[in-house]
Amino acid sequence: MKSRRTHKVPSAISGWAAGVCICVCTSVCRTGSGKVVAYEEGTVKLKRLVSDTLRFAYFYPCRRIYCGRGRQCVLMAETGRAECVCQEKCRASFVPVCGSDGRFYENHCEVYRTACLERRRIYVVHSKECFFKVNACTMSEYNKLKSMLLDMQPKVLKTGEQNQQRDMEEKRALVDTMFKYLDVNEDSRLISMKEHLEDSLLQCTMQDLLRYDDYNNDGHLSLHEFYTAFQVVQLTLAEDQRISVSTVTVGLSAVLTCAIQGTLRPPIIWKRNGIILNFLDLEDINDFGDDGSLYITKVTTIHMGNYSCHAYGYEDLYQTHVLQVNVPPVILVYPETQAQEPGVSASLHCHADGIPNPKLLWLKNGIDLQPRSSKQLSLIANGSELFIGSVRYEDTGAYTCIAKNEVGVDEDISSLFVEDSAKKTPVLLLCLPGLSVGNMFYVFSEEGITVLQPGECEIRRHMKWTERIVATYEEMCPKGEGVSPQRCMWSSAVNIRDKYIYVAQPLLSRLLIVDIQAQKVVQAVATDPFPVKMLYDKSHDQVWVLTWGDMDRTHPTLQVILQASVGEVHRAVRTTFQRVNDFFIPPTNLIITHVRFAFVFLKNEPAVHKIDLETFHRVKTISLKNYSCVPVSMAYTHLSGFYFIQCQSEGHLQAPPQLLVDSVTDTVIGPNLNITGQPFVSPDGRYIVTPDQRSSKLIVQTVSFQGDLGLNQEMDEPIAVSDLVFQPSFTESNQHVVVATSGSGTDLLFADLSSGHTEVLRSLKEPLTAQAWPWGGPNRVVVSSGLFGQYLVTPSAESLFVLNGKQRTPHCEVSDIKRGNTIVWVGEV
C-alpha cells in the first residue's frame, strides 16, 4: 500500500484554502496505486489555485483582515494599508434589541457600531424586562411628539366653525411646511432628523419617525409616508366620475361602487335622499363591502333614485349615483273575446306597463297587421286601441298584442268572432256586450241598490230596501224606530275581485255582502258601531274596516275580515289599535301586485304606524313630531317609493305642507315643496296631483324613471275639489286624464296631465252638502269604469250623472237616485 502524500500550503492562505486542499488530496489518495497521472494533475491545479489566492490577497488587503462586529476594514489612502475603523452605517432593518448600556437599538449592528464609536463594551441583553424599561417611546409618546411638532408650526386664524375637511386642509399645509423644513438637501426624502429636535424634549425623538413610519424600510421618509405619519387624508374624485348612472332590471341585484380614492380614506358613507344608510337595519341594503360599495339585493322600483357617497367627515367631496330600474312589460288586453255582427265597428284594447315605456304592435293570426295600408283598420293612442270600422267575416281571428321594451316582451290575445246573430252559438252569446253581470256600476242610495249599465244608461237591476238577506232573511234596510220614512244609509263599499261587494251600513253596525253573480245580498257581517270606511287588501284578500264607535268618534277601532273573496260565513276580527283616526293601504297595479304594509294614524298623534298586513302587528313608528304634522291622509308611488302625507291644519292656521317619506328607509325626507292638501297618485305612479286648498288649483308633480320628483305644472282652472279620479288617455298611451268634482258647486273638471289642457263641465246639479254626508271622505264622488272604460259616474243630491270620458260630455242623467254617493264599478278585467 502506497504512503499518503500531501502538499504543504503556505500559512498565509492555509486557512482559506484548507478545504480545497483536503478535497484534492482525498480524491487523489482514494485512487489507489498506479494513478500517478491523476496525482500530478491535482498538484498542478493546487499550485495554480494557491498562486491566484496570493495575488488576490495582495491587491485586496481588506480580504485578509477580520475587524469584528461593529467595525469595518478601510484601505487608508495615506499609508496604503488596511485598517479597522467603526462601521459607518448599518443596513436598514428593524429588529429591536436592548443594549447593556440600557438603551434601545433598532438591530444588533447598531449595538456594536455604538460600542465601537464610544470605545466601550456594549453587548445585547436578552431580557424582556429591558424592552419594557428601555422602550420609552411608546405609541402614546410618539403621538405626543407628532402633536408637538404640529403645534410648533405657524397657524392660520381660526374662524370658530368646526369643519373636518377644512381642518384637514390646514393640517396638510402644516405638514407640507414641516417636511420642506426637514428636507435639508431638498431631495423630497428625509433621512436623519436628530439635529432638528433635542432628545430631551420627549421620550421619543425625530428618529422615531423613521422607526415607526418608514413603511418600506428604505431608511427614508417620503412625503407620502410623512402624510401617513401625521394622518393627513388625501382624497380624489375624477371629474368624469362625479355622476354615475346605473341601470338595473327589477329583481336583480345592484352594486354601487364609490369612486373616491386616496391615502387614509375614511369609511365610505352612503346616503339616499339625504338619509345615511350605513347604520340602518335595512332588508334589501345590508352589506357595504370591504371597499365601501353599496349592495342592493333584489332591486324593485322603490330603489330607483339618487344615492351619494362620501368619505366620513368629508361631505363636500361626494359622488352621485343615479339608479334607474327597468321593468319588463306586463300586458293586458280587453276584451279577451267578443262577437260582432257584420257591418258594426269593433275595438280591441291593449294596455302595457313597463320601464321604459313599452312599444305596442299587433298581429292577426300570427301575421303583422299593416293598418296604414288599410282603411278598415286603424291604431289609436300609439297602438293602445285597434279599431275596425266595419267588421267583415274575414276579420274573425286571434289578434295578438305584443309589448316590447329594452328588457323584455309580453303578449296577449284578443279574439274577434264575426257572425250573424241568428247563427251565434251559446258560447258566442256570452261574448256580447251587456249580457254578463260585469261592466256595471253598483249605486247604493236611499232606495237600495241600483245596477246600472252605463253605455245604454240602462238600470239592469234594482234591489229595494225591502229585499231579504239570503242568510238571515232580514230586510236589507230595516225600518228604524219612530215614524221617519224607510231609507237605506250607506257609507263605504269595495269590490272584491268582481265576485262580491262589501258595503257598510254605519247606523246598523254591520256590512252587507252582495253576490255579484247572483245580484243578491247574501250575508250581513256585524262590526263595531259605526263602520265608515273600508279598503280591500288584494294581496292578502282582506277587508279592513274603520269604525267610529259613535258619531263623535269617541271609540274608534280597526277591524279586519279575512279571506274576503271566499264564499263562507265571515266575521270581523278586531285589531289591537285604539284611537284610530284613519288608515292607508297602498294600491296595486300591473307591476306592483303585492303589498306588505298598511299605515295607521292615531288621534292627534304626530306619527304614522307601519303595520304588517299578515300579522296585524306594528312594525315601526315613523315620527312626524319634528314637523308638527298630525297626518290626515296618505298617497304612495312605487317609483322611488315616496309616501306623501297630508298634515292637519290647526284651527284657523294655514295647513302645513305635505311631508315626503322614503319607503326604503321609512324616514321623513322633509316637506314636499310648499304643497298643501290631499295628494292623489296616478295608477302607474308617475303623476302626483294635489288640489291646493289656497288657490283651488291642481298642482301636478311627476316622478321620472330615474326617480326624480319634480314640479310639473299648475292647472289654470280653479275648482274646490271634492273627489278626484284618473282615467287613461284615449289619445296617447301611458298617459292619464284627471277628472275632479266640486264639493260645493256643479262643475266637473277634465285635465290632461301631459299637455295641461283643461275642460270644465258645468250644471251637473248641486251635490250633497258636506253636512248631509257625515261619514268623512268626499261629499260628491266620481267613479270611473276601469282601465278600458270610457264612462264615469258622479251623483248629485237627487240624481246620477253618467259621463262620456272619451268625449268629455254628459252621457245621461238617471233620476230618482237620492244620496247615491256610494258607488262601485264591477268590470270584467
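All of the points below concern the structure found in this document. (Residues numbered from 1 in each chain as written. Predicted model: local features only at pLDDT ≥ 70, side-chain atom pairs only at ≥ 80, totals over all residues. Heavy atoms only, no water.)

1. What about the overall build of the protein chain?
When you go through the protein chain residue by residue, the secondary structure sums to 9 helices and 56 strands. Looking at the protein chain residue by residue over its 829 residues, the buried ones come to 48%. Across the protein chain, contacts joining residues at least 24 apart in sequence account for 52% of those joining residues at least 6 apart. Of the roughly 42,200 Å² of accessible surface on the protein chain, 51% is carried by carbon and sulfur atoms. (Helix = DSSP H or I, 4+ residues; strand = E, 2+ residues; numbered from the N terminus. Buried < 20%, exposed > 50% of the residue type's maximum accessible area, 1.4 Å probe, protein only. Contact = heavy atoms within 4.5 Å. Areas by Shrake-Rupley, 256 points an atom, 1.4 Å probe, with all protein chains shown as cover.)

2. Notes on the packing of aromatic side chains
Inspection of every chain in the model, using the stated rule, returns 10 aromatic pairs. When the centroid spacing of 5.3 Å and the interplanar angle of 65° are considered together, the rings of Phe-444 and Trp-490 count as edge-to-face. Within this pair, whereas Phe-444 is found in strand S25 (residues 440–445), its partner Trp-490 is found in the loop between strand S27 (458–464) and strand S28 (493–496), the two being separated by 46 residues in sequence. Assessed through its relative accessible area of 0%, Phe-444 is described here as buried. The buried category is assigned to Trp-490, whose relative accessible area is 2%. Ring pairing ties together the aromatic residues Phe-530, Trp-548 and Trp-775, which thus form one cluster. (Phe/Tyr/Trp six-rings, centres within 6.5 Å; stacked < 30°, edge-to-face > 60°.)

3. Regarding the sheet that holds strand S43 (residues 667–671)
Here 4 strands make up an open sheet; going across it, the order is S40-S41-S42-S43 and the pairing antiparallel. Two strands bound the open sheet, and with one partner strand each, they are strand S40 (631–637) and S43. Averaged over all pairs of adjacent strands, the angle between their axes in this sheet comes to 25°, without regard to strand direction. (Pairing = 2+ DSSP bridges. Axes fitted to C-alpha atoms, helices over the stretch in contact; angles between N-to-C directions.)

4. Digging into the pairing of strand S16 (residues 318–334)
Of all 17 residues making up S16, 13 are buried, and the element is well covered by its neighbours. Bridge count between strand S9 (residues 243–249) and S16: 7 bridges; the pairing is parallel. Considered in S16, the bridge of Val-245 is made with Val-322. Two successive antiparallel strands, strand S15 (residues 305–311) and S16, enclose a turn made up of 6 residues, where Gly-313 displays a positive phi of approximately 90°. Relative to strand S18 (residues 346–355), S16 runs antiparallel, the two being bridged by 6 bridges. Bridged to Val-330 within S18 is Asp-353.

5. Focus: helix H5 (residues 139–151)
In this model H5 runs 18 Å from its N-terminal to its C-terminal C-alpha over 13 residues, within 8% of the 18 Å that 1.5 Å per residue would give. All buried positions along H5 are accounted for by Glu-141, Tyr-142, Leu-145, Lys-146, Leu-149 and Leu-150. (Expected span 1.5 Å × (residues − 1).)

6. Some thoughts on the nonpolar core
Grouped together as the largest cluster of nonpolar side chains are 74 residues, with contacts concentrated most on Phe-226, Phe-230 and Trp-270. Examining the composition of this core, we find that 6 residues originate from one element, helix H6 (residues 164–182), more than from any other. Among the nonpolar cores identified, the runner-up in size contains 22 residues, and Met-489, Val-532, Leu-558 and Phe-577 belong to it. (Core = buried A, V, L, I, M, F, W, Y, C linked by side-chain atoms within 4.5 Å.)

7. Here's the deal with the pattern of salt bridges
Per the stated rule, a full pass over the model turns up 24 salt bridges. Ionic pairing is found between Arg-808 and Glu-759, a salt bridge with its closest N-O pair at 3.5 Å. Here Arg-808 is found in the loop between strand S54 (799–804) and strand S55 (809–815), whereas its partner Glu-759 is found in strand S51 (residues 758–761), with 49 residues between them in sequence. In this structure, Lys-765 and Glu-813 form a salt bridge, with 2.8 Å as the shortest nitrogen-oxygen distance. On the criterion of sequence distance, the pair formed by Lys-765 in the loop between S51 and strand S52 (783–784) and Glu-813 in strand S55 is long-range, its members being 48 residues apart. What makes Glu-813 partly exposed here is its relative accessible area of 36%. Each of Glu-446, Arg-487 and Arg-819 takes part in salt bridges that share partners, so that together they form one network. (Salt bridge = Lys/Arg side-chain N within 4 Å of Asp/Glu carboxyl O.)

8. Quick look at the side chain of Arg-808
We classify Arg-808 as buried; its relative accessible area is 14%. Within the structure, the side chain of Arg-808 is placed 3.5 Å from the side chain of Glu-759, a separation counted as a polar contact. Setting aside chain neighbours within four positions, we find Arg-808 in contact with Val-737, Phe-750, Asp-752, His-757, Glu-759 and Leu-761. (Polar contact = N/O pair within 3.5 Å; in protein donor to acceptor, adjacent residues only side chain to side chain.)

Distances and angles like these do not, on their own, reveal function.
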